[in-house]
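Observations on the model geometry
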Amino acid sequence: MSDAAEPRTPNRRVLVIGASRGLGEAIVEEYALRGARVVATVRSDAPSPLRAFAATTDAVEIERVDVAVPDSIAALRRRLDGRVFDLLFVVAGISLAPQDQAGADIGTRDFERMMNTNVLGVMRAVESLQYLVAPDGTIAVMSSGQGSVSGNTRGGFEVYRATKSALNQMFRSYAARHAADRRALLLMAPGWVRTGLGGPGAMLEIGESIPPLIDTVDAQYGTPGLQYLDRHGAPVPW
Ligand SMILES: NC(=O)c1ccc[n+]([C@@H]2O[C@H](COP(=O)([O-])OP(=O)(O)OC[C@H]3O[C@@H](n4cnc5c(N)ncnc54)[C@H](OP(=O)(O)O)[C@@H]3O)[C@@H](O)[C@H]2O)c1
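First things first, this report covers the structure right here in the doc. All values derive from a computational prediction rather than experimental measurement. (Residues numbered from 1 in each chain as written. Predicted model: local features only at pLDDT ≥ 70, side-chain atom pairs only at ≥ 80, totals over all residues. Heavy atoms only, no water.)

1. As for the overall build of the chain
Tallying secondary structure elements over the chain gives 6 helices and 7 strands in all. On C-alpha atoms alone, the chain measures out to a radius of gyration of 17 Å, which is about the 18 Å that the 2.2 N^0.38 rule sets for 238 residues. Within the chain, the proportion of its 238 residues that are buried is 48%. Pairs at least 24 apart in sequence give 65% of the contacts found in the chain among residues at least 6 apart. When the accessible surface of the chain is totalled, it reaches about 11400 Å², and 52% of it is carbon and sulfur. If you average the places of the 25 positive and of the 26 negative side-chain charges in the chain, the two averages end up 3 Å apart. (Helix = DSSP H or I, 4+ residues; strand = E, 2+ residues; numbered from the N terminus. Rg over C-alpha atoms; globule rule 2.2 N^0.38 Å. Buried < 20%, exposed > 50% of the residue type's maximum accessible area, 1.4 Å probe, protein only. Contact = heavy atoms within 4.5 Å. Areas by Shrake-Rupley, 256 points an atom, 1.4 Å probe, with all protein chains shown as cover. Lys, Arg positive; Asp, Glu negative; His and termini not counted. Charge placed at Lys NZ, Arg CZ, Asp CG, Glu CD.)

See the structure below:
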């Protein structure tokens, strides 16, 4: 018999996609703290906060994927074949345009990169990796309050907002196609957080966002169907 403490989460086996730094890395640390075993992905061999944290614990296994490259997702799926996770959390995302830039002023290549990563890449990861999630497990995707169409009264971050709205729409379609599934399907809004993407002027420290956000994800364990929630568990208007 093991004398290890009982995990403090129903999500004991967690797969986090896009976890080298920022919110993804903090999610890995939070789940490790709660006693889960975590597979977390990076894009490269470069030193990163995730690699530094993984060196301090045997709870974290590092994998590689670039969600913008379909072959990379397929290769990850093959390497993880046979594994089962209680939670798949796809966190990867980018923002390439300044806050005040009009949406139509972005370069075509940057627009395509943002859509390809934040929408198509995230959904390709969901579609491919869903088969590794337990039938009563959870698939969570990092959306944003900025993805709310009805909540957009002040503009700003125009293309970034558009990618998260499109992601929400794609994930809604996924949920409709999987209406009979028992899995919890979560679009999460973490608040505006000081990370590489959020910038130094954001409202929240990572420590103010991720622990409550993970409490919310854990509270939805075993609740089938789609929800778009903020970090405290309040529904975000579509
Ligand atoms: N910070 C906020 O205020 C905020 C608010 C709402 C939503 N979000 C969302 O939260 C998620 C994480 O953002 P963050 O603030 O933590 O940003 P971040 O610090 O810039 O981290 C972004 C993460 O995504 C990874 N990534 C980027 N492109 C990828 C790809 N093609 N394949 C795999 N991984 C990729 C990055 O890996 P590399 O290190 O290799 O680049 C990095 O680990 C994003 O989806 C973002 O839109 C953030």
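2. Looking at the site of the ligand
Around the ligand sit 29 residues, and of these Ser20, Leu23, Tyr160, Val193 and Thr195 come closest. Note that an oxygen atom of the ligand is positioned 2.7 Å from one of the side-chain N or O atoms of Arg21. Within the backbone of Leu23, a nitrogen or oxygen atom sits 2.7 Å from an oxygen atom of the ligand. Considering the ligand on its own, with 890 Å² of exposed area, one finds that the protein chains cover 93% of that surface. Broken down by secondary-structure element, the contributors of at least two residues to the shell around the ligand are helix 1 (22-33) and helix 5 (158-177). For the shell around the ligand, the residue count by class is 14 nonpolar, 11 polar and 4 charged. (Near = heavy atom within 4 Å. Polar contact = N/O pair within 3.5 Å; in protein donor to acceptor, adjacent residues only side chain to side chain. Nonpolar A, V, L, I, M, F, W, Y, C, P; charged D, E, K, R; others polar.)

3. Re unusual backbone geometry
Positive phi is not limited to glycine here, since Phe157 has a value of about 45 degrees. Phe157 sits in the buried class, given a relative accessible area of 17%.

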